[in-house]
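# Understanding the architecture of this molecule
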Amino acid sequence: MIRFWEKRAKTSVVTEHPELETQIDQIRRSIKDEVKRKFAGSLAIRMVDSGSCNACEAECNALSNPYYDLERLGIRFVASPRHADVMLLSGLLTFNMYHHVMDAWAQIPEPKWSVTLGDCPLMNAPFQKSFAIKGPVAEHLPVAHHIPGCPPDPETIMQGLLEFLKKI
Amino acid sequence: MRFVARFAKERQSSFEVITVFDEKTEIEQIDKADPVVETIATKYPAAIWFERKMHDDFGIRIEGAFDHRPLVHQERFPKDIHPMRKDFTEQSLDFAEYRPYKYEAIGGEGVFEVSVGPIHAGIIEPGHFHFSQAGEDILHQEVRHFYKYRAIEKMVEGMDPLQAAPIIARISGNESVAYQIAWRDIVVQALGTVLPNALLKRHALLLELERIIHHLTDLGFISNDAGFAAALAFCSKLAEEARRMMKHLTRHRFGFDAITFEADPLDIGALGQWLDHLQEQMQWFREWVIDIPSLWDRFDTTGILTPYKAKKYDTVGIVARASGMAVDVRLNPFYLEHGFRMQTQSNGDVAARFKLRLDEVANSIEMMRRFMMDNAPSTCKVQSEAKGSYSAFVESSIGELFMTADIKNGKIERFFVRDPSFMNWQALHLMMPGNIIADFPLINKSCDLSYAGNDL
């Protein structure tokens, strides 16, 4: 363990690459303010994948890495829809996921918002409509905000969440 | 003989059932009016998912099979619809009445069932796991997937091969480069051309980078699932840096649409520096985690897949190599020349799969250094495609990816891909008996299989 603490002290806090630092810092600060104002300091997100390629999920996971550390802003990904304020939905809304997504949405207590993530939910990705796809999502759910990208990178997701928070 | 895949094609007056082994390919012609084929799953157990899928897709009856349940078509999928048939052209389907799916379950006094998913607690893809439990102990588990079924095989039919490329690049985000390379191989064979060596090396370099990203993420998450969060922080930091390198080289963090027939010189200064940094960090990481006894207490002897079962179920990739099977598409002169060394472990437990990833990252760094030495610009001319049937094998970060396509008049007639996960998901339940349910996430993560690539 001594080696670990030595490494820990040497590494210190990993700061962003200089060219990103100010921008991300700004996003972080304004997200924190919005979350504090509108959600009493803690915004809970239930992420649901309705048939993505897993890249959107990978980028959401990346939000927890030391470079972004979303949780310090009071935004948390929660395990149950019943703990959530927001459903973050990725993927094409497949035939086989349709009822499970609707179920998760129904379990989120009011007030609630759905935010779509990536190009798939709005059918803007290269995929074409097929019998196994129920998208676009907006035909089935009220979409409060959309975060575009294929996939949106962590910065874009943070930016998108901020825009959403400003909007509501 | 290793079983690779089994799938059907529709011809003018018959169905063709194609069975691919590592040494040969068998083709059976069957009657279209009453399509029946004999099962091979009694000899090759991993064939059962292929056969169940074949029934869903084409309505081919499997004789002598031990499992006739639908695979892809779930509770509300309309009955007697076989969408891979050419005469099925619907763009949309209505939900049918709910028909329950009969799970594999063990009965007995005090034995109970635990259903998990399709939506899981974390940020993860949807899939279902069904456990039979005696207290904490797992007696049996059934893996049930295909929630992400997007019908990609059907979607790309009739498309121009280059038009289908962006879809194929997005089948499984974690394996995008591997999928693109497999598709590249098919297009190149169809053209009857040979890729310049410089281009091959460029693509191979990106494939190793993709592997490094995937392995780094896993090394973090596996440790985290054993309650050692510090390793997740460490590895996810490295994974983020690797992803940024991918963006620096390809303008995309996942390398989507990066496998092209043109290559500009790379910024090898930055790449070389990053590789040095990564190598040094991984060396440190290895020495650090090796010294954490509580971590190995969780890893050792957890989720064992014996070499016998790994072979019997024709597993591939990390899962196979951790159980002593020397299966790797990269075992060829091109890769060997660039420093590839076959990595295997023999215990088949979580620890073996973890150590294997460590070794593979080290080997990938070495290979990338050699691949980047050829940094001249390179192009290959692409014209319209010829007619024929082509296949490709690529070693993705999960394992052996098999892809095949029939191209007719420059259009895709039939597209089939078998993700390595399709084989390995079927072997997951073999790792469960003797473990407690709390270790399931750890075992599952140590294999890190794809849902999107599996479900298509």
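Keep in mind it's a predicted model, so treat the numbers as computed, not measured.

### Some words on the domain arrangement of chain B
Residues and elements named next belong to chain B. According to the domain assignment, chain B consists of domain 1 (3-144) and domain 2 (159-455). One C-alpha centre belongs to domain 1, the other to domain 2; they are set 26 Å apart. Facing the 35 residues of domain 1 at the interface are 32 residues of domain 2. Roughly 2,900 Å² of surface becomes buried between domain 1 and domain 2 when both sides are summed, with 64% attributable to carbon and sulfur atoms. When residues of domain 1 are sorted by the area they lose upon contact with domain 2, Trp49, Glu125 and Ile138 head the list and together hold 19% of the total. Connecting domain 1 to domain 2 are two salt bridges. Put simply, Asp406 and Lys9 hold a salt bridge, and the shortest N to O gap is 2.9 Å. There are twelve residue pairs in polar contact (both at pLDDT 80 or more) connecting domain 1 and domain 2. The set of elements that each furnish at least two residues to the side of domain 1 that touches domain 2 consists of strand E1 (3-10), helix H1 (47-58), strand E7 (128-134) and strand E8 (137-144). Examining the composition of the side of domain 1 that touches domain 2, we find that seven residues originate from one element, E1, more than from any other. Residues belonging to the side of domain 1 that touches domain 2 are distributed by class as follows: 23 nonpolar, four polar and eight charged.

### Thoughts on the packing of helix H6 (residues 229-250) of chain B against helix H7 (residues 268-290) of chain B
Residue and element names in this part refer to chain B. Two elements in contact, H6 and H7, have axes separated by 11 Å at closest approach and are oriented at 165°. In this view, H6 runs roughly antiparallel relative to H7, as classed from their interaxial angle. The hand of the H6/H7 crossing is left-handed. For the pair H6 and H7, contact is made by Ala230, Ala231, Phe234, Cys235, Leu238, Glu241, Ala242, Met245, His248 and Leu249 and by Ala270, Leu271, Trp274, His277, Leu278, Gln281, Met282, Trp284, Phe285 and Trp288, respectively.

### Comments concerning empty space enclosed by the protein
All names here are of chain A. Per the stated rule, a full pass over the model turns up seven cavities of 30 Å³ or more. As for the largest cavity, its lining consists of 17 residues, and the residues nearest its centre are Ser52, Cys53, Cys56, Cys120 and Cys150. Across the lining of the largest cavity, the residue classes tally to ten nonpolar, five polar and two charged.

### Here's the deal with the pattern of salt bridges
Residues and elements named next belong to chain B. Following the criterion strictly, the structure yields 41 salt bridges over all chains and no others. A salt bridge links Asp406 to Arg11, with the nearest nitrogen and oxygen atoms 3.2 Å apart. Of this pair, Asp406 sits in strand E12 (residues 400-408) while Arg11 sits in the loop between E1 and strand E2 (14-21), placing them 395 residues apart in sequence. Residue classification places Asp406 among the buried positions, given a relative accessible area of 5%. The partner of Glu240 in a salt bridge is Arg253, and the shortest N-O contact between them spans 3.0 Å. Taken together, the residues Glu240 in helix H6 and Arg253 in the loop between H6 and strand E9 (262-263) connect sequence positions 13 residues apart. Given a relative accessible area of 2%, Glu240 falls into the buried group. Bridged by salt links that share partners, the residues Glu208, Arg211, Arg321, Asp328, Arg330, Glu360 and Glu395 form one connected network.

### Remarks on the interface of chain B and chain A
Contact residues are listed per partner, giving 62 residues for chain B and 53 residues for chain A. With both chains or domains summed, chain B and chain A bury close to 4,700 Å², and 64% of this area falls on carbon and sulfur atoms. Contact with chain A buries surface across chain B, with Phe95, Ile123 and Arg244 of chain B losing the most and accounting together for 16% of the total. Counting the contacts that link chain B with chain A gives two salt bridges. Here Asp49 of chain A makes a salt bridge to Lys148 of chain B, at a shortest N to O gap of 2.6 Å. Our count for the contact surface shared by chain B and chain A stands at 19 residue pairs in polar contact (both at pLDDT 80 or more). Contributing elements (two or more residues each) for the side of chain B that touches chain A: helix H2 (152-155), helix H3 (161-168), H6 and H7 of chain B. With ten residues, H6 of chain B is the largest single contributor of residues to the side of chain B that touches chain A. Partitioning the side of chain B that touches chain A into residue classes produces 33 nonpolar, twelve polar and 17 charged.

### Things to note about the sheet that holds E7 of chain B
Two pairing modes exist for strands in a sheet, parallel and antiparallel, and in both the strands are linked by backbone hydrogen bonds. All names here are of chain B. Across the sheet, which stays open at both edges, the three strands sit in the order E6-E7-E8 with antiparallel pairing between neighbours. Both edges of this open sheet fall to strand E6 (112-116) and E8, since each of them pairs with a single strand only. On average, adjacent strands in this sheet sit at an angle of 20° to one another, irrespective of strand direction. When E7 meets E8, the two strands line up antiparallel, connected through seven bridges. Along E8, the bridge assignment pairs Gln133 with Ile138.

### A closer look at the sheet that holds strand E13 (residues 411-418) of chain B
All names here are of chain B. One open sheet accounts for three strands, arranged E11-E12-E13; its pairing is antiparallel. Every interior strand has two partners, whereas the edge strands, strand E11 (388-395) and E13, have only one. Strand-to-strand, the axes of this sheet are offset by a mean angle of 15°, without reference to chain direction. When E12 meets E13, the two strands line up antiparallel, connected through seven bridges.

### Notes on the side chain of Gln343 of chain B
Residues and elements named next belong to chain B. Examined against the element boundaries, Gln343 turns out to sit in the loop between helix H11 (333-337) and helix H12 (350-371). Polar side-chain contacts of Gln343 include one of 3.2 Å to the backbone oxygen of Arg341. With residues near it in sequence (within four places) discarded, Gln343 still touches Arg321, Leu356, Asp359, Glu360 and Asn363.

### Details of the nonpolar core
Membership of the largest hydrophobic core comes to 157 residues, with the highest contact counts inside it found for Ile60, Trp183, Leu271, Trp274, Phe285, Phe299 and Phe415 of chain B. Each of domain 1 (3-144) and domain 2 (159-455) of chain B gives at least three residues to this core. Excluding residues within four positions of it along the chain, Trp274 of chain B makes contact with Leu209, Ile212, Glu241, Ala242, Met245 and Met368 of chain B. Listed in part, the 27 residues of the second largest apolar core include Ile27, Ile45, Tyr68 and Leu161 of chain A.

Quick notes on the rules
Residues numbered from 1 in each chain as written. Chains lettered and ligands numbered in written order. Predicted model: local features only at pLDDT ≥ 70, side-chain atom pairs only at ≥ 80, totals over all residues. Heavy atoms only, no water. Domains from an automatic or database assignment. Contact = heavy atoms within 4.5 Å. Buried area = accessible area lost by both parts, 1.4 Å probe. Salt bridge = Lys/Arg side-chain N within 4 Å of Asp/Glu carboxyl O. Polar contact = N/O pair within 3.5 Å; in protein donor to acceptor, adjacent residues only side chain to side chain. Helix = DSSP H or I, 4+ residues; strand = E, 2+ residues; numbered from the N terminus. Nonpolar A, V, L, I, M, F, W, Y, C, P; charged D, E, K, R; others polar. Axes fitted to C-alpha atoms, helices over the stretch in contact; angles between N-to-C directions. Parallel < 35°, antiparallel > 145°, perpendicular 65-115°, else oblique. Left-handed = near helix turned anticlockwise from the far one by under 90°. 1 Å grid on protein atoms, 1.4 Å probe; cavity = no way out; pocket = protein on both sides within 12 Å on 5 of 7 lines; lining within 4 Å. Points joined across faces, edges and corners; volume = space filled by probe spheres on them. Buried < 20%, exposed > 50% of the residue type's maximum accessible area, 1.4 Å probe, protein only. Pairing = 2+ DSSP bridges. Core = buried A, V, L, I, M, F, W, Y, C linked by side-chain atoms within 4.5 Å.

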